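For reference, the chains in residue letters:
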Amino acid sequence: MITHKKVTIFFISLLLFLFLLKADKGINELWFLVAILAWLAINIYGTARISSNYIVKAFCNNPLETEKKIALTFDDGPSIYTLEVLELLKKYNVKATFFCIGKNIEKHPEILQKVIDDGHLVGNHSYSHSKFFDFYTEAAIIKELEKTDALLEKFTSKKINFFRPPYGVTTPSIGRALKITGHNVIGWNIRSLDGGTKNQELIFNRIIKRVCPGGIVLLHDTASHSVLVLEQFLQFLQQNNYKVISVEELLNLKAYEN
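It should be emphasised that the depicted structure is a prediction, and the values quoted were computed from it without experimental measurement.

## A closer look at the packing of helix 3 (residues 80-91) against helix 9 (residues 224-239)
Point 1. The N-to-C vectors of helix 3 and helix 9 enclose an angle of 10 degrees; their axes lie 9 Å apart at closest approach. As judged from the angle between their axes, helix 3 and helix 9 are roughly parallel. From helix 3, Tyr-81, Glu-84, Val-85, Leu-88, Leu-89 and Lys-91 reach across to helix 9, where they touch Ser-224, Val-227, Leu-230, Glu-231 and Leu-234.
Point 2. Split into classes, the residues belonging to the contact of helix 3 with helix 9 amount to seven nonpolar, one polar and three charged.

Quick look at the structure:
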């Protein structure tokens, strides 16, 4: 497995080797540029793709699941649209996991309470979901996670174990912070892209083409078009005999600790 640590060691060794060649053979300095660009490309890919496990181990699906079982997850709430999502989940007798933003919990505590009361799981999705979260220091990330955990634990009375990084990006600072907080990183392998487009047909077709046993679906509970796609998708799952189970059950991980 290619990891940040292995890549760093390799490129440091490569640069030292190039310096020796430069001193001994006078090689072209272009080789240094090629090595640095290669290092940057690998790091950008690894940090941006949560399933790469480049920085931290992320649970994105259960590849050993052979039965028609998947998990539904929702990001960025709670919001007013979460209530519509909850009604649909109740209608189809489905349980899901909601990755919540701390500042949104403060705005809508009563909605989070309903999520809990309806029997769904909740996870940490940072406090601010800042566009600059990837550039935060280890200390700042720990502060965000602990602040959101504290908000969630008012409703669960249990320690939160699940974390989904904003935008699915992981960095060395996030990796170091998670060693302190102890969260399991939950990713996905079926991304709807409903956060980037309102085209319901495009979103729906993208999801159903990727549905497979053991999959984890990423949707958002923050917009009306996502709610409309959700109903279509739940109908599709029902018609195709898929069973929706919790992330906890699918991955055999504990969402909370006493």
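Here the narrative resumes.
## Looking at the nonpolar core
Point 1. Formed by 70 residues in total, the largest nonpolar core has its most connected members in Leu-72, Phe-98 and Val-122.
Point 2. Residue contacts for Val-122: discarding those within four places in its chain leaves Phe-98, Cys-100, Leu-112, Val-115, Ile-116, Leu-152, Thr-156, Ile-160 and Tyr-256.

## With respect to the pattern of salt bridges
Point 1. A full pass over the atoms with the stated rule returns six salt bridges.
Point 2. A salt bridge links Lys-22 to Glu-29; its shortest N-O distance comes to 3.7 Å.
Point 3. The class for Lys-22 is partly exposed, based on a relative accessible area of 30%.
Point 4. A salt bridge links Lys-91 to Glu-231; its shortest N-O distance comes to 2.9 Å. Of this pair, Lys-91 sits in helix 3 while Glu-231 sits in helix 9, and the two are 140 residues apart along the sequence.
Point 5. Looking at Glu-231, the relative accessible area reads 24%, which means it is partly exposed.

## Regarding the pairing of strand 9 (residues 216-220)
The two faces of a sheet get side chains in turn, since along a regular strand they alternate between them.
Point 1. In terms of residue burial, strand 9 counts as a mostly covered element, since five of its five residues are buried.
Point 2. Burial along strand 9 is two-sided: Ile-216, Leu-218 and His-220 facing one way and Val-217 and Leu-219 facing the other are all buried.
Point 3. Taken together, the five bridges between strand 2 (residues 69-75) and strand 9 define a ladder with parallel strand orientation. Residue pairing across strands places Asp-75 opposite His-220, the latter belonging to strand 9.
Point 4. Pairing analysis gives two bridges linking strand 8 (residues 190-191) to strand 9, with the strands arranged parallel. Residue Arg-191 lies in a different strand from strand 9, and its bridge partner there is Leu-218.
Point 5. As a crossover connection, the stretch from strand 8 through helix 8 (residues 200-210) into strand 9 is right-handed.

The rules behind the values
Residues numbered from 1 in each chain as written. Predicted model: local features only at pLDDT ≥ 70, side-chain atom pairs only at ≥ 80, totals over all residues. Heavy atoms only, no water. Axes fitted to C-alpha atoms, helices over the stretch in contact; angles between N-to-C directions. Helix = DSSP H or I, 4+ residues; strand = E, 2+ residues; numbered from the N terminus. Parallel < 35°, antiparallel > 145°, perpendicular 65-115°, else oblique. Contact = heavy atoms within 4.5 Å. Nonpolar A, V, L, I, M, F, W, Y, C, P; charged D, E, K, R; others polar. Core = buried A, V, L, I, M, F, W, Y, C linked by side-chain atoms within 4.5 Å. Buried < 20%, exposed > 50% of the residue type's maximum accessible area, 1.4 Å probe, protein only. Salt bridge = Lys/Arg side-chain N within 4 Å of Asp/Glu carboxyl O. Pairing = 2+ DSSP bridges. Right-handed = clockwise from strand over helix to strand, strands pointing away.

Read these as geometric descriptors, not functional statements.
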